[in-house]
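Working through the structure, step by step
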Amino acid sequence: QVHLVESGGGLVQAGGSLSLSCAASGLTFSAYNMAWFRQAPGKEREFVAVIRWSGGNTHFADSVKGRFTISRDDAKRTVSLQMNRLKPEDTADYYCAARGAAYDGDSDPRRYVFWGQGTQVTVSS
């Protein structure tokens, strides 16, 4: 059984930083694209970042580019999201997601098979 467990959310002031982590089990982690999505109240789930299975190519939503970084440790089966220069509009529940190795469609949540339970990030102004 696959489990994705996020941690690291919390409350931070605008301009601050937070680091999220997702621990995976029950899957061949190195063979999966790993992504972060977020969902604010009343809004649809949106893509934040992905790191691919092969060589760790990364892609980011325009709204977070230059502020967020994503990394993975295949030995530890973890994927992390470092969030810097946070803005109030970054406030959302953040979800870790996994899909099989692929080279496109990473921003579409329907492509992802496994999801974590989410961790809340609140950025105060």
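In this report, the structure presented in the accompanying data block is examined. None of the values given here were measured: they were computed from a predicted structure.

All right, on to the sheet that holds strand β8 (residues 78-83) then. Across the sheet, 4 strands lie side by side as β1-β3-β8-β7; this open sheet has antiparallel pairing. The open sheet has two edge strands, β1 (3-7) and β7 (68-73), and neither has a second partner. This sheet shows a mean twist of 15 degrees between the axes of neighbouring strands, independent of strand direction. Inspection of the sheet shows β7 paired to β8 by 6 bridges, in the antiparallel sense.

Residues of β7 alternate between two faces, with F68, I70 and R72 buried on one and T69, S71 and D73 left unburied on the opposite face. Counting the residues between successive antiparallel strands, the hairpin from β7 to β8 contains 4 residues, one of them, R77, with a positive phi of roughly 60 degrees.

Here we take up the packing of aromatic side chains. What the rule picks out here adds up to 6 aromatic pairs. Seen from their ring centres, F37 and F47 are 5.8 Å apart, and the 75 degrees between their planes marks the pair as edge-to-face. Residue F37 is found in strand β4 (residues 32-39), and its partner F47 is found in strand β5 (residues 46-51); the two are separated by 10 residues along the sequence. Looking at F47, the relative accessible area reads 13%, which means it is buried. When the centroid spacing of 5.1 Å and the interplanar angle of 75 degrees are considered together, the rings of F37 and Y112 count as edge-to-face. Of this pair, F37 sits in strand β4 while Y112 sits in the loop between β9 (92-100) and β10 (114-115), placing them 75 residues apart in sequence.

Reading the values: the criteria
- Residues numbered from 1 in each chain as written.
- Predicted model: local features only at pLDDT ≥ 70, side-chain atom pairs only at ≥ 80, totals over all residues.
- Heavy atoms only, no water.
- Pairing = 2+ DSSP bridges.
- Helix = DSSP H or I, 4+ residues; strand = E, 2+ residues; numbered from the N terminus.
- Axes fitted to C-alpha atoms, helices over the stretch in contact; angles between N-to-C directions.
- Buried < 20%, exposed > 50% of the residue type's maximum accessible area, 1.4 Å probe, protein only.
- Phe/Tyr/Trp six-rings, centres within 6.5 Å; stacked < 30°, edge-to-face > 60°.

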